[in-house]
Each structure stands twice: as structure tokens, then as C-alpha cells.
Amino acid sequence: MSDASELPERKEEEEVSPEPEEQSDDSSEEEEAAGDTEMDFLRNLFSSTLGLGSADKVLDDLTLDGVARYINSGKCKNIICMVGAGISTSAGIPDFRSPGTGLYANLQKYNLPYPEAIFQIDYFKKHPEPFFALAKELYPGQFKPTICHYFMKMLKDKGILKRCYTQNIDTLERVAGLEGEDLIEAHGTFYTSHCVSFCCRKEYNLDWMKEKIFSDDIPKCDKCSSLVKPDIVFFGENLPVRFFTSMKMDFPRCDLLIVMGTSLQVQPFASLVSRVSKSCPRLLINMERAGQADPLLGLLGFGGGMDFDSDKAYRDVAQISTCDDGCLALADLLGWKAELEELVKQEHTRIDSQDKKERSCEKKEAAAKASSASVAPEPKEEE
Ligand SMILES: [Zn+2]
């Protein structure tokens, strides 16, 4: 599925999800992560109210130029990207949340008790049909990664991408060439699927799932006949354990945080911006400002939010544009623009020709079937 965009309004569930749930074998990890969050919170509280902690000014200017100069200085070795639905909209993947064009507006035909049920794990286990019908409609694959996706691939190729934390489930980061290791798919992915039986958990790949979805089969496990579900995070499910373990390792080591195409409203993803060190510059590329601390909470000393233009601003930069335009502008300042455009062109051509090949294979297969079927019943012409 593609629409892959961010799974919508999981707010309530996610606020609880870092807490361990019963039956989770990873509960100690998550407990630790939750404890860490508390520690961070206390640390932030003390540092902002008592002026503890260092907050060096790393950027010589709070602009895209300043960020580019920092990247080119060679001091910026670990970049973390945090991305959301906004980086995939130019690929034609609609944002779940946009009213009217969003996903929920189109769900009536599935006769759901309420729209969110389609992503609720308990409902899914009893009634998987609506989810798979929707998955077929929104299947990833007919979409191509965007300039922004390839910009992240360039960061990887240049050896300065620490990790990409994505809220999207469209797998476009992988299509663009990021590998499992480079990625934290915070809301899961369509790339792999698992048997839902707790005792079995057999893994299935994307091709297997695609075949089931397109033949209108409800995917069942070969081994135990339980349902098989793509590894996207449903309501009522925990975020992947790797999300919690990696964020503890990655964020303190981050030299530059680039936040793209997300309004930073879904927790716990949104709170990641406050996990980098106090001197780590943060660049937001988005159609609107996001991630700013609630002014009231700010007064109380609960800091950590973005600060682009107060007189205390020292490290946050907002580039208000589409993600593609923002990445192109940054690439231009870095002297990488031609390279980025060439990469996009090459990759899109490759994907198009691959698509064509697949389609012609399918056509040939269908034609072969049709002709072999028509051989027998055809009346003899010569007598
Ligand atoms: Zn199974």
C-alpha cells in the first residue's frame, strides 16, 4: 500500500506504545526506552531552567547556505533524516490526512463500523477483507521515488547518512536505494509480511504478498493457515523494537538533523527532534513550520521544540517549500545539483524500463495461456 504515507492519527496509541505491553518479549528494551525518555525530559528541564548543558552555535548562519557550508566543512559526518508523508506526495501518493483527498474519505464502501477499524489489529484479525481490498487499491510499486528520496541516497553514497527515520510505509526509500540498515521504518513497511500467529510468525516477502493481494486472495500462512499481514504498524500494535533501540544510539551522535515532509504531530516520532544534542543543527524542509514548542510549555521550561526565529534561535533552520525544491536548493548550494538530477533521471529511466519489461512479460504470459486454452476447442479448419 502506498498511500503509504503516514498512517493516520495514531496519536493515542502511540503515546502509550513506548510503554511495554503484556506479552511483549521486548518489554525490557522498551521499558528502558521509556525510562530514557523520562531522563531526557528531566535533563531538558534542568538544562533549560538552570542553563545547564552546552548549546554551541555550529552554523555560521541560520539559513540553507549556513547548513550547506556546515555539510561541506567536513565536520558533519552523521546526518539523520526524519521524514513523513510530505516527501512522497510528489510521487503521487496522497496524504492520508488531507481532508477530501485523504484515505478516510474513501472508506465508506467497505462498511466499516468506523473508519479507523481498517487499521485496527483486532478488527483486522476478524475481518481482513477491507484492508486487503484497500491495499490492492493503494499498492506501492506504481510509484517512483522523488528527488527528496534520491537526495537521501546521495547522503548515503557520500558516507554521511547515519540513518533515515521514516513514518511512511510506501517503501520508496528502499526503491531509491536505502537499505534495511539505513532505515528505521517507524510505522512498519510493506516490504515484508509475517504470519499473525504468535507461535509461527513465518516471514513472507513483497512478491508473495503482491501476488495474493492482486489475485484477491486473503493471504494465509503456508505453515499454519493463519492470516499473513504486511509489517505495517496497526493501531493496537507496538512500534518496531528497532525504533527504540536505534534512536538511543543514533540521536546523541547526530551532527545534523534534517526533518522533511512531516508536521511532527504524531508521537513518539515527533519527540525525536529533542533527542539530538543541544548544539546539533536542525533543518526543517516542509510546506509549513512545524515542531515548534508550545509557547506556554516553553515558559514552564519544557523546551526541546524547534526555534527558528526567536532572539534565542541558534541552530534551527526552516526551509518552507516542497521537499523536492528544498533538497534541490540544498544540493545546489552543496555543488551536488547536477549529480542529483542525473541520479534521478537514471533511476527513473531504469524503473520505467523495468515496469515495461514486467508488463510485457505479463502480457506474453496471458497470451500464452489464452492460446493454449484456445487450441483444443478450436474447430478443425481443414477437412
Ligand atoms: Zn503461520
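Per an unreviewed UniProt entry, the chain is named NAD-dependent protein deacetylase, and its organism is Seriola lalandi dorsalis. The heading Subcellular location (unreviewed entry) in the UniProt record of the chain holds the text "Nucleus". Database annotation for the chain, UniProt heading Sequence similarities (unreviewed entry): "Belongs to the sirtuin family. Class I subfamily."

This next bit is on the overall build of the chain. Helix and strand counts for the chain come out as 12 helices and nine strands. The buried share among the 383 residues of the chain stands at 46%. Look at the contacts in the chain between residues 6 or more apart in sequence, and 72% of them connect residues 24 or more apart. Taken as a whole, the chain presents about 19,100 Å² of accessible surface, with 51% of it coming from carbon and sulfur.

Moving on, we get to the sheet that holds strand E4 (residues 188–195). The strand order E5-E4-E6 describes an open sheet built from three strands, whose pairing is antiparallel. Edge positions in the open sheet fall to strand E5 (203–205) and strand E6 (228–232), since each of these has one partner strand only. Each neighbouring strand pair of the sheet contributes to a mean axis angle of 40 degrees, computed without reference to strand direction. As defined by bridge partners, E4 adjoins E6 across four bridges and the pair is classed as antiparallel. Following the sheet pairing, Gly-188 is matched in E6 by Ile-232. Where helix H5 (residues 129–137) meets the sheet, its contacts fall on E4 and E6, and the angle it forms with E6 comes to roughly 60 degrees. Here helix H8 (residues 206–214) sits on the sheet in contact with E4, E5 and E6, set at roughly 75 degrees to E5.

This next bit is on a negative patch on the surface. A cluster of acidic side chains, namely Asp-207, Glu-358, Glu-362 and Glu-365, defines a negative patch on the protein surface. In terms of residue count, helix H12 (residues 337–375) provides more of the negative patch than any other element does, three residues in total. Its location among the elements puts Glu-358 in helix H12. With relative accessibility at 38%, the residue Glu-358 sits in the partly exposed group.

Next up on the list: the coordination of the zinc ion. At the metal site, the zinc ion is ligated by Cys-195 (SG), Cys-200 (SG), Cys-221 (SG) and Cys-224 (SG), and these contacts range over 2.3 Å. The sequence pattern describing where the donors of the zinc ion fall on their chain is C-x4-C-x20-C-x2-C. Here Cys-200, found in the loop between E4 and E5, pairs with Cys-221, found in the loop between H8 and E6; they are 21 residues apart in sequence, far enough to count as distant. Assessed through its relative accessible area of 16%, Cys-200 is described here as buried. Exposure remark for Cys-221: the relative accessible area of 4% places this residue in the buried category.

This paragraph deals with the side chain of Arg-282. Note on placement: Arg-282 falls in strand E8 (residues 282–286). A polar atom in the side chain of Arg-282 sits 3.0 Å from the backbone oxygen of Gly-305.

Running from N to C, helix H6 (residues 147–157) and helix H11 (residues 323–334) cross one another at 40 degrees; their axes reach a closest spacing of 8 Å. It follows from the interaxial angle that H6 and H11 lie oblique. In this structure, H6 contributes Ile-147, Cys-148 and Phe-151 to the contact, and H11 contributes Cys-323, Asp-324, Cys-327, Leu-328, Leu-330, Ala-331 and Leu-334. Here the contact of H6 with H11 is composed, by residue class, of nine nonpolar, no polar and one charged.

With 40 residues, the main nonpolar core has Ile-71 and Met-260 as its most contacted residues. Within the residue set of this core, elements represented by two or more residues are helix H3 (64–72), strand E1 (79–83), H6, strand E2 (161–166), strand E7 (256–260), E8, H11 and H12. Formed by 30 residues, the second largest nonpolar core is a distinct cluster that contains Ile-121, Phe-132, Leu-138 and Val-228.

The next subject is the confidence of the model for the chain. Summarising the model, the chain shows a mean pLDDT of 82, and 76% of its residues fall at 70 or more. Confidence drops under a pLDDT of 50 for residues 376–383, and excluding neighbours within four residues, the segment shows zero contacts in the predicted structure.

Attention shifts here to the UniProt feature "active site" (unreviewed entry) in the chain. Under the local residue numbering, the UniProt record ascribes the feature "active site" (unreviewed entry) to His-187. Note that His-187 resides in the loop between strand E3 (183–185) and E4. A residue is classified by how much of its surface remains accessible, and His-187, at 0% relative accessible area, is buried. Polar contacts involving the side chain of His-187 include one to the main-chain carbonyl oxygen of Gln-167, which spans 3.4 Å.

What follows concerns H5. Looking only at H5, the buried set comprises Pro-130, Phe-131, Phe-132, Leu-134 and Ala-135. At its buried positions, H5 is contacted by helix H4 (121–126), E4, H8 and E6.

A few words on the sheet that holds E1. Across the sheet, six strands lie side by side as E3-E2-E1-E7-E8-E9; this open sheet has parallel pairing. Taken across any chain shown, the strands that pair with only one partner, and hence form the sheet edges, are E3 and strand E9 (316–320). Across the sheet, the mean angle from the axis of one strand to that of its neighbour is 15 degrees, orientation sign disregarded. Two strands pair when backbone bridges link them, and E1 and E2 are joined in this way by five bridges, in the parallel orientation. Looking at E2, one finds that Ile-79 is bridged to Leu-161. In the packing of helix H9 (residues 241–250) onto the sheet, contacts are made with E1, E2 and E3, and the angle to E2 comes to roughly 145 degrees.

Analysis parameters
- Residues numbered from 1 in each chain as written.
- Predicted model: local features only at pLDDT ≥ 70, side-chain atom pairs only at ≥ 80, totals over all residues.
- Heavy atoms only, no water.
- UniProt positions renumbered as here; feature names shortened; annotations may be inferred.
- Helix = DSSP H or I, 4+ residues; strand = E, 2+ residues; numbered from the N terminus.
- Buried < 20%, exposed > 50% of the residue type's maximum accessible area, 1.4 Å probe, protein only.
- Contact = heavy atoms within 4.5 Å.
- Areas by Shrake-Rupley, 256 points an atom, 1.4 Å probe, with all protein chains shown as cover.
- Pairing = 2+ DSSP bridges.
- Axes fitted to C-alpha atoms, helices over the stretch in contact; angles between N-to-C directions.
- Patch = residues over 30% accessible without salt bridge, like charges linked within 9 Å, V, L, I, M, F, W, Y side chains within 5 Å.
- Salt bridge = Lys/Arg side-chain N within 4 Å of Asp/Glu carboxyl O.
- Lys, Arg positive; Asp, Glu negative; His and termini not counted.
- Charge placed at Lys NZ, Arg CZ, Asp CG, Glu CD.
- Donors = N, O, S within 2.8 Å, 3.2 Å for Na, K, Ca; no water.
- Polar contact = N/O pair within 3.5 Å; in protein donor to acceptor, adjacent residues only side chain to side chain.
- Parallel < 35°, antiparallel > 145°, perpendicular 65-115°, else oblique.
- Nonpolar A, V, L, I, M, F, W, Y, C, P; charged D, E, K, R; others polar.
- Core = buried A, V, L, I, M, F, W, Y, C linked by side-chain atoms within 4.5 Å.
- pLDDT = per-residue confidence, 0-100.

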